[in-house]
Amino acid sequence: MTDHTNADTLRTPIVAVLGHVDHGKTSLLDKIRGSAVSEGEAGAITQHIGATDIPLDTISGMAGELIDPTDFDLPGLLFIDTPGHHSFSTLRARGGALADIAVLVVDVNDGFQPQTEEAIDILRRTGTPFVVAANKVDTTPGWNPQAGQPIQRSLEAQSERAESMLNENLYEIIGQLSDAGFSADLYWRVQDFQKNIGVVPLSAITGEGVPDLLTVLMGLSQRFMKEEMAIDVFGAGEGTVLEVKDERGFGATIDTVVYDGVVRNGDRIVVGGQEDPIDTEIRALLQPRPLEEIRTEKQFEKVAEVGAAAGVKIAAPDLDRAMAGAPVRVVRDRPVEEVVEEVKAELAEIEVETAENGVVVKADTLGSLEAMANALREAEVPILRAEVGDIAPRDIAVAETANQDEHKAILGFNVDLLTNAETELENADVKLFTNDVIYQLIEDYETYVEEKQRAQQ
Ligand code: GDP
């Protein structure tokens with residue numbers, strides 16, 4: 001149960017990890033969870049639906065001399081489990097990003113790559129504070145691991161050759177951040193993390209630098225974001241849909257990150273849905289069962305309530321129409337119509353300019369739909385219609401109505417073609433592009449258009 005003695009409490013900052021494919025996002029999250037667990041204390045981490053909660057005590061146990069826990073009154077860090085800017089762009093609230101803070105993972109040998117640039121664009125647009133994890137320092141030739149040492153000291157303990165090679169790569173990244181308009185430096189040289197981006201050299205494999213990263217994230221949250229973390233623990237719960245999933249025995253459910261107030265079983269909620277907001281009542285609030293209790297079937301346990309910040313699975317009627325990235329609001333002490341209007345207004349903030357003629361865009365979340373729309377605007381590709389969801393027969397019919405051949409196309413980001421749309425697509429004069437990388441999707445479409453134009457000449 002939530003502690004109800006204090007109505008105005010500081011919640012845990014929500015952290016998202018993003019970066020280019022293969023730069024080590026998943027490994028970093030695994031390392032953070034793994035090292036926290038091997039810290040050994042009971043309650044070292046709490047696994048939520050879609051997120052992992054690492055309390056301050058655990059962080060301070062891992063960070064040793066780097067942290068003085070008495071400097072902090074924020075309770076810890078909540079890491080969103082699905083890495084990548086796709087999941088990050090799900091996390092939007094009121095035109096900003098719901099993740100309070102982000103870790104941008106960059107492979108120290110590889111530097112900035114297209115998805116690093118995409119991630120930077122999202123971070124800039126949403127004004128999200130972030131830290132750069134310059135990952136894979138252990139791959140530096142001649143690297144001499146210094147487990148348990150702060151990364152600055154570990155760097156100093158390397159051979160001159162290894163240190164200078166690594167420094168060269170690190171300064172390359174700092175230069176690339178500067179080209180992107182951010183002033184950055186190695187984290188121990190940064191005085192003000194609001195003005196300068198801290199770069200933390202680390203290895204998601206050896207774990208060197210990981211405590212430093214957690215320390216920087218804690219410090220940044222504590223110094224600059226404390227006010228935003230103040231919540232009313234009695235307040236009507238507010239959250240964002242991470243994912244819509246069918247769950248045996250429960251039907252359509254929504255994995256939700258709750259960032260304000262409290263959500264209780266039986267609460268009436270309004271959820272952003274395709275077409276209109278969904279007005280429904282919570283049938284069950286589900287959390288993962290502790291690992292040792294997991295049997296084949298009952299992976300979840302029912303809880304009576306969850307307070308922010310938390311990840312929880314909500315089961316309720318009509319959630320099949322819910323959209324990833326959409327708001328979830330508990331209706332308490334005010335008319336439901338007011339909450340419905342609020343949810344509608346929030347969804348209306350998602351800017352997708354449509355034209356009378358153009359391509360059909362489908363994406364898995366509202367955030368990624370918005371990111372697609374922005375990228376297409378920059379590439380000067382007009383959009384006829386843009387929606388969240390898998391590709392359905394209706395989308396093919398709509399694409400066929402486009403009045404230029406090259407626009408008879410569907411661009412699907414992180415979505416599938418529904419089985420019942422397969423024959424429809426075969427019989428239609430519509431070209432389908434799907435990908436889980438925005439720039440590749442647009443590049444494929446542009447190549448197709450160029451080839452088509454060349455063929456016509
Ligand atoms: P993601 O696509 O960003 O989630 O990247 P992954 O975490 O899946 O990592 C991609 C590959 O890089 C995997 O083979 C990892 O084992 C490897 N890798 C990730 N971090 C490190 C690191 O710090 N050091 C080394 N040597 N390999 C790493």
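Here we summarise the structure given alongside this text. This is a predicted model, so every value here is computed, not measured.

**Observations regarding the site of the ligand**
In the vicinity of the ligand there are 15 residues, among which D22, K25, T26, S27 and D138 approach most closely. Here the ligand has 570 Å² of accessible area as a free molecule, and 71% of this is covered by the chains. With three residues, the single largest contributor to the shell around the ligand is helix α1 (residues 25–38). Looking at the shell around the ligand, its residues break down into three nonpolar, eight polar and four charged.

**Some details on the sheet that holds strand β9 (residues 130–135)**
The pairing of strands in a sheet comes from backbone hydrogen bonds and takes either a parallel or an antiparallel form. The eight strands are arranged β3-β4-β5-β2-β8-β9-β11-β10 in an open sheet whose pairing can be described as mixed. This sheet does not close on itself; its edge strands, each paired only once, are β3 (46–47) and β10 (184–186). Of the strand pairs in this sheet, β9 and strand β11 (residues 197–201) are connected by three bridges, and their pairing is parallel. Following the sheet pairing, A134 is matched in β11 by P201. Along the sheet, helix α4 (residues 114–126) makes contact with β2 (14–19), β8 (101–107) and β9, crossing β8 at roughly 160°. Contacting β8, β9, β10 and β11, helix α6 (residues 160–179) runs over the sheet at an angle of about 160° to β10.

**Side note on the sheet that holds strand β21 (residues 310–315)**
Read from one edge of the open sheet, eight strands run β17-β16-β22-β13-β14-β21-β18-β19, paired in antiparallel fashion. Whereas interior strands pair on both sides, the edge strands pair on one side only; in this sheet they are β17 (278–281) and β19 (300–303). When the angles between neighbouring strand axes are averaged without regard to direction, this sheet yields 40°. Relative to β21, strand β18 (residues 284–288) runs antiparallel, the two being bridged by three bridges. Looking at the pairing, L286 lines up with K313 of β21. Sheet contacts for helix α8 (residues 336–348): β16 (268–271), β17 and β22 (327–330); angle to β22, the most-contacted strand, approximately 165°.

**Considerations on empty space enclosed by the protein**
Scanning all chains against the criterion turns up one cavity of 30 Å³ or more. What lines the largest cavity is simply G237, E238, G239, T256, V258, V263, I314, V328, R329 and V330. Counting only elements with at least two residues in the lining of the largest cavity, the list comes to β13 (238–247), β14 (251–260) and β22. A per-element tally of the lining of the largest cavity places β22 first, with three residues. Taken together, the residues of the lining of the largest cavity break down into five nonpolar, three polar and two charged.

**Focus on the layout of surface pockets**
Its boundaries defined by the atoms lining it, the largest pocket holds a volume of some 1,100 Å³. Together, 42 residues line the largest pocket, and Q274, M323, D364, V388 and G389 are the ones closest to its centre. Among the elements that make up the lining of the largest pocket, the one with the highest residue count is β13 (five residues). Considering only residue class, the lining of the largest pocket consists of 18 nonpolar, ten polar and 14 charged.

**A look at the environment of S38**
With respect to the helices, strands and loops of the structure, S38 is situated in helix α1. Accessibility expressed as a relative area gives 60% for S38, which makes it exposed. Here the alpha-carbon distance between S38 and M62, two residues 24 residues apart in the chain, equals 9.4 Å.

**Concerning a negative patch on the surface**
Taken together, the side chains of E443, D444, E446, E450 and E451 make up a negatively charged region of the molecular surface. In this fold, E451 is placed in helix α12 (residues 438–456). E451 gets classed as partly exposed once you look at its relative accessible area, which sits at 48%.

**Quick look at the pattern of salt bridges**
Any two side chains of opposite charge can pair, on the condition that their charged atoms come close. Per the stated rule, a full pass over the model turns up 24 salt bridges. We note a salt bridge from R329 to E342, for which the minimum N-O separation is 3.5 Å. Here E342 lies in helix α8 and R329 lies in strand β22, a separation of 13 residues in the sequence. When the shortest N-O distance is used, the salt bridge between K362 and E387 registers 3.8 Å.

**Topic: the packing of α1 against helix α7 (residues 210–224)**
Remark: α1 packs on α7, axes separated minimally by 11 Å, with the N-to-C direction vectors making an angle of 90°. Put simply, α1 runs roughly perpendicular to α7. Where α1 approaches α7, its residues L28, K31 and I32 are matched on the opposing element by V210, L213 and L214. Of the residues in the contact of α1 with α7, the class split is five nonpolar, no polar and one charged.

What counts, and at which threshold
- Residues numbered from 1 in each chain as written.
- Predicted model: local features only at pLDDT ≥ 70, side-chain atom pairs only at ≥ 80, totals over all residues.
- Heavy atoms only, no water.
- Near = heavy atom within 4 Å.
- Areas by Shrake-Rupley, 256 points an atom, 1.4 Å probe, with all protein chains shown as cover.
- Helix = DSSP H or I, 4+ residues; strand = E, 2+ residues; numbered from the N terminus.
- Nonpolar A, V, L, I, M, F, W, Y, C, P; charged D, E, K, R; others polar.
- Pairing = 2+ DSSP bridges.
- Contact = heavy atoms within 4.5 Å.
- Axes fitted to C-alpha atoms, helices over the stretch in contact; angles between N-to-C directions.
- 1 Å grid on protein atoms, 1.4 Å probe; cavity = no way out; pocket = protein on both sides within 12 Å on 5 of 7 lines; lining within 4 Å.
- Points joined across faces, edges and corners; volume = space filled by probe spheres on them.
- Buried < 20%, exposed > 50% of the residue type's maximum accessible area, 1.4 Å probe, protein only.
- Patch = residues over 30% accessible without salt bridge, like charges linked within 9 Å, V, L, I, M, F, W, Y side chains within 5 Å.
- Salt bridge = Lys/Arg side-chain N within 4 Å of Asp/Glu carboxyl O.
- Lys, Arg positive; Asp, Glu negative; His and termini not counted.
- Charge placed at Lys NZ, Arg CZ, Asp CG, Glu CD.
- Parallel < 35°, antiparallel > 145°, perpendicular 65-115°, else oblique.

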